[in-house]
Protein chains: 2
Amino acid sequence: MSEVYAERRTRLRDRCVAAGSPAALVSRPANVRYLAGGSPVGAVLLIGPDEDVLLCPAAPGPDPAEGRVDEVLYRQPPTGGVDPAVVAVGLARTAGADALAVEEHHLTVARHRAMGSAAPGLRLADLSSAVEQLRIVKDEEEIGSLRIAAEIADQALGELLESILVGRTERHLALELERRLVDHGADGPAFPTSVATGPNSGVSGHKPTDRRVEEGDFLSVCLGASYHGYRCEIGRTFVIGTTPADWQIELYELVFAAQRAGRQALAPGAAYRDVDRAARQVLAAAGHGDATAGLTGHGVGLEIDEDPQLAPAAMGKLDACVPVTVEPGVHLPGRGGVRIDDTLVVRQEADGGPELLTITTKELLAL
Amino acid sequence: MSEVYAERRTRLRDRCVAAGSPAALVSRPANVRYLAGGSPVGAVLLIGPDEDVLLCPAAPGPDPAEGRVDEVLYRQPPTGGVDPAVVAVGLARTAGADALAVEEHHLTVARHRAMGSAAPGLRLADLSSAVEQLRIVKDEEEIGSLRIAAEIADQALGELLESILVGRTERHLALELERRLVDHGADGPAFPTSVATGPNSGVSGHKPTDRRVEEGDFLSVCLGASYHGYRCEIGRTFVIGTTPADWQIELYELVFAAQRAGRQALAPGAAYRDVDRAARQVLAAAGHGDATAGLTGHGVGLEIDEDPQLAPAAMGKLDACVPVTVEPGVHLPGRGGVRIDDTLVVRQEADGGPELLTITTKELLAL
């Protein structure tokens, strides 16, 4: 296992050296975890020039702790409240580095200034999103974790569908789903579970309310599990009662067609924006051009919303082994709507095409 | 209600003008909420010079939305992915401001640079923690919300104590507590609920595991409710079984004495560090000088961990109407420990002294 992290750090170090920085400081928690195998709260990771060091915030007690975690030297200074990033700057300077690449999209202005003051001779360069870029393509172990996360979410959702729904509130259904995720072995929910009923259904990221499920409602649910830190996402919409209304069937079929078009556009080499357009144009042709919010989908991994963004203005092309969501939706104000969301892994055609991780049926179920 | 927010903004505006900035941009979500009554995801608040404007991230659809929320002009630009903070810079410039105070402890380096580029003639100053300082002393409406939050947490904890605990896992107990918080009207948990059993008990911020409650265990629980955005905290330690062991009684009495000393030190004018020392020296006298981590307590409000910090190196003195936690603990590696945590409001002696919000008993209960 530890070799995986060492290899990732080597790739980052090579990039930094090529860009003129002999050392880098990684502060964004998901990036620290990706490179060091774990990210204690507030820890930062110094990459090179001599050695990689995971610096943690001060611990209680007078003695500095030191050890090794997955080949990374681990240091915890004694109490005193010094920012580990400032300690790292000192270490980089002592090791002879003249420049240190830092995550300017994560560090605050105040913290960056404190680091600059701590070692005046050291130039602070921008690491930019170099680690996020490394994280886009997953290895099979990462995909394995996502696959288990998706199984857990499918199980939790499946059990909910077997229970009585009418009369229960969005908030209680959301809490029950989260409990079931943990029951089935999730670290926890991948993000706050969304349950939306009636007029709320189909709203992206709807925060559950005390509204109760009623006969005739659309019910849309979006949940995900985190497993070994990897986060998946699934969204489904159901009808409550025996016979869906015509407008419900029509709207469902439209969103389903858009979501299928998006899924089918997933292939190595496909432009991000083309996947977005594939789904979006199905909705636009039916008069719902502005229906799907900013994006049709996004990458998932150690964070629930990672690169790439499948959006109209996104630049770049998909690679194999990139897990993404495809999640178009339409919401009709006052009436409700439909959202269908899967997590898939981009695969070569020869490998069977996109691998669907979230396998709960997408037929319109009447519950 | 809206006057409360307008008054808060006036106080901030006066401070900024006195410091040489005719306008300020508030980006930290809790600060936005404090000043505008709400903080849509990603929204920033521009204070003056002409008018206060809450700028939200782009919405789906081609049209910019605009309206008024609690006397704040509310603007949502059309899609396009422009950072609202960059839009705010342009507005401040157009209104004739020559300087804009920003939250350097919240804005990232990358975002700050984008703002600087958007209006080269505008000087970006540092607002520093001006809003956090305003937030320390609460008004009676804020304290009323905290009081209800504490009642909810007390109720959830009380119900748990009436249920059967032996054999259940830390994770399930934590989930059940969170469900009960919501049942009793909380927006949600104020922070991830901590349930720690046996050797895990007494560890600050312990993340619940699959360990099951056993006879003879210490069980320590830390939870809080959020109500109308205001967050409280309560922590208690219990013994499972009929008769606590001698070492358990001794340790409990020690931590209880330390926590009582901390509570009794709460008074307007008391130095933060003196409250910390009051609790810490009780533990130190019994040979647990390094037991309590960095701090004995902290402020609570719209965030669960706010100013002030009741810690050895903290500068400053308590005011009346400041809600804080007092939460010393001792953990004996391999055996477990005790943590007792209350939320109290600092009050004048003439008003009855510190007001205890979390009223669950602190007797050592055997469950």
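Residues numbered from 1 in each chain as written. Chains lettered and ligands numbered in written order. Predicted model: local features only at pLDDT ≥ 70, side-chain atom pairs only at ≥ 80, totals over all residues. Heavy atoms only, no water.

Under an unreviewed UniProt entry, the name given to chain A is Proline dipeptidase, and the source organism is Streptomyces laurentii.

S.K.: So what exactly am I meant to see when it comes to the packing of helix α1 (residues 2–18) of chain A against helix α2 (residues 29–36) of chain A here?
M.R.: Relative orientation and spacing of two packed helices are given, respectively, by the angle between their axes and the distance between those axes. Residues and elements named next belong to chain A. Taken N-terminus to C-terminus, the directions of α1 and α2 make an angle of 115°; their axes are 7 Å apart at the nearest point. The residues of α2 that touch α1, namely those facing Y5, R8, R9, R11 and L12, are R33, Y34, L35 and A36. Residue classes in the contact of α1 with α2 are distributed as five nonpolar, no polar and four charged. (Axes fitted to C-alpha atoms, helices over the stretch in contact; angles between N-to-C directions. Helix = DSSP H or I, 4+ residues; strand = E, 2+ residues; numbered from the N terminus. Contact = heavy atoms within 4.5 Å. Nonpolar A, V, L, I, M, F, W, Y, C, P; charged D, E, K, R; others polar.)

S.K.: Hey, could you run me through the pattern of salt bridges in this one?
M.R.: A side chain of one charge can pair with a side chain of the opposite charge when the charged atoms of the two come close. Residue and element names in this part refer to chain A. Applying the stated rule across the entire model yields 52 salt bridges over all chains. The salt bridge partner of R8 is E142, with a shortest N-O separation of 3.7 Å. Of this pair, R8 sits in helix α1 while E142 is found in helix α6 (residues 140–161), placing the two residues 134 residues apart along the sequence. In this structure R8 comes out as buried when scored by relative accessible area, which is 7%. Take E142: its relative accessible area is 3%, and that puts it in the buried class. (Salt bridge = Lys/Arg side-chain N within 4 Å of Asp/Glu carboxyl O. Buried < 20%, exposed > 50% of the residue type's maximum accessible area, 1.4 Å probe, protein only.)

S.K.: Where do I start with the side chain of E103 of chain A in this structure?
M.R.: All names here are of chain A. By the secondary structure assignment, E103 is in the loop between β6 (99–102) and α4 (109–118). In this structure, E103 is buried with no salt-bridge partner, the nearest side chain bearing the opposite charge being R28 at 6.6 Å. Polar contacts involving the side chain of E103 include one to the main-chain amide nitrogen of R28, which spans 2.8 Å. A distance of 2.7 Å separates the side chain of E103 from the side chain of N31, its partner in a polar contact. Those residues within four positions of E103 in sequence are excluded, and the remaining contacts are L25, V26, S27, R28, N31, D126, L127, S128, V131 and E132. (Lys, Arg positive; Asp, Glu negative; His and termini not counted. Polar contact = N/O pair within 3.5 Å; in protein donor to acceptor, adjacent residues only side chain to side chain.)

S.K.: Would you explain the interface of chain B and chain A in this entry?
M.R.: Interface size is commonly expressed as the accessible surface area that is lost when the partners come together. Tallying the contact residues gives 22 residues for chain B and 22 residues for chain A. When chain B packs against chain A, the two sides together hide about 1900 Å² of surface, and 62% of this comes from carbon and sulfur. A per-residue breakdown of the area chain B buries against chain A is headed by E104, V109 and R171 of chain B, which together make up 26% of the total. Linking chain B to chain A there are two salt bridges. For R113 of chain B, the salt bridge goes to E104 of chain A, with nearest N and O atoms at 2.5 Å. In this structure, the connection of chain B to chain A is made through 12 residue pairs in polar contact (both at pLDDT 80 or more). Only α4 (109–118) and α7 (170–183) of chain B provide two or more residues apiece to the side of chain B that touches chain A. Looking at the side of chain B that touches chain A, the element that brings in the most residues is α7 of chain B, giving six residues. Considering only residue class, the side of chain B that touches chain A consists of nine nonpolar, six polar and seven charged. (Buried area = accessible area lost by both parts, 1.4 Å probe.)

S.K.: I keep staring at the environment of I304 of chain B and nothing clicks. Help me out?
M.R.: Residues and elements named next belong to chain B. Mapped onto the elements of the fold, I304 is located in the loop between β14 (297–299) and β15 (306–310). By relative accessible area, which is 19% here, I304 ends up buried. Along the primary structure I304 and R212 are separated by 92 residues, whereas in three dimensions their C-alpha atoms are 28 Å apart. If near-sequence neighbours (up to four positions away) are discounted, I304 is found in contact with A190, F191, R231, C232, E233, H298 and G299.

S.K.: Is there a simple way to think about the relation of the copies chain B and chain A in this case?
M.R.: Two copies of one chain are present, and they are related through a rotation about an axis combined with an axial shift. When chain B is fitted to chain A, the residual RMSD is 0.0 Å, and the transformation amounts to a turn of 180° plus an axial shift of 0.1 Å. One copy is carried onto the other by what is essentially a two-fold rotation axis. The rotation axis passes nearest to the C-alpha of T108 of chain B in chain B, at a distance of 2.0 Å. The overlap is high: 100% of the interface residues of chain B also sit at the interface in chain A, so the same surface is used on both sides. (Least-squares fit on C-alpha atoms with pLDDT ≥ 70 in both.)

S.K.: Explain the pairing of strand β7 (residues 123–126) of chain B here, please?
M.R.: In the case of a regular strand, side chains alternate between the two sheet surfaces. Residue and element names in this part refer to chain B. Direction of pairing for strand β6 (residues 99–102) relative to β7: parallel, over a ladder of four bridges. Residue pairing for β7: A99 is matched across the bridge by R123. Chirality of the crossover, the property in question, places the unit of β6, α4 and β7 among those that are right-handed. (Pairing = 2+ DSSP bridges. Right-handed = clockwise from strand over helix to strand, strands pointing away.)

S.K.: Looking at this model, I keep getting lost on the packing of aromatic side chains. Mind explaining?
M.R.: Two descriptors summarise a pair of aromatic rings, namely the distance from one centre to the other and the angle between the planes of the rings. Within the structure shown, the criterion is met by two aromatic pairs over all chains. Their ring planes at 80° and their centres at 5.5 Å tell us that F218 of chain A and W247 of chain A sit as a pair that is edge-to-face. Residue F218 of chain A is found in strand β10 (residues 218–223), and its partner W247 of chain A is found in helix α8 (residues 246–264); the two are separated by 29 residues along the sequence. Of the residues examined, F218 of chain A reaches a relative accessible area of 2% and is grouped as buried. On the basis of relative accessibility, which here comes to 25%, the residue W247 of chain A falls in the partly exposed class. Between the NZ or CZ atom of R335 of chain B and the centre of the ring of W247 of chain B, over which it lies, the distance is 4.4 Å. (Phe/Tyr/Trp six-rings, centres within 6.5 Å; stacked < 30°, edge-to-face > 60°. Lys NZ or Arg CZ within 6 Å of the ring centre and 35° of its normal.)

S.K.: How do you make sense of α4 of chain A when you look at a structure like this?
M.R.: Count 3.6 residues to each turn of an α-helix, and residues three or four apart come out pointing the same way. Buried within α4 of chain A we find V109, H112 and M115 of chain A. Buried residues of α4 of chain A, viewed axially, fall in a sector of 125°; they line one side. Elements that come into contact with the buried residues of α4 of chain A comprise β1 (23–26), α3 (84–94), β6 and β7 (123–126) of chain A together with α4 of chain B. (Arc of directions from axis to C-beta.)

S.K.: How should α6 of chain A be read in this particular structure?
M.R.: The end-to-end C-alpha separation of α6 of chain A is 31 Å, in line with the 32 Å expected for 22 residues at 1.5 Å each. In this structure D139 of chain A caps α6 of chain A, since a side-chain oxygen of it lies 3.0 Å from the backbone nitrogen of E141 of chain A. (Expected span 1.5 Å × (residues − 1).)

S.K.: Just checking my understanding: could you explain the sheet that holds strand β10 (residues 218–223) of chain B for this structure?
M.R.: Sheet strands pair via backbone hydrogen bonds, and the direction of the pair is either parallel or antiparallel. Residue and element names in this part refer to chain B. If you walk across this open sheet you meet the three strands as β9-β10-β13, and the pairing is antiparallel. With one partner strand each, in any of the chains shown, β9 (194–197) and β13 (234–239) form the two edges of the open sheet. Neighbouring strand axes in the sheet, compared pairwise and without regard to direction, differ in orientation by 10° on average. Strand direction decides the pairing type here: β9 and β10, joined by four bridges, are antiparallel. Across the sheet, V195 pairs through a bridge with V221, a residue of β10. Together, β9 and β10 form the strand contacts of α7, whose direction differs from that of β9 by roughly 145°.

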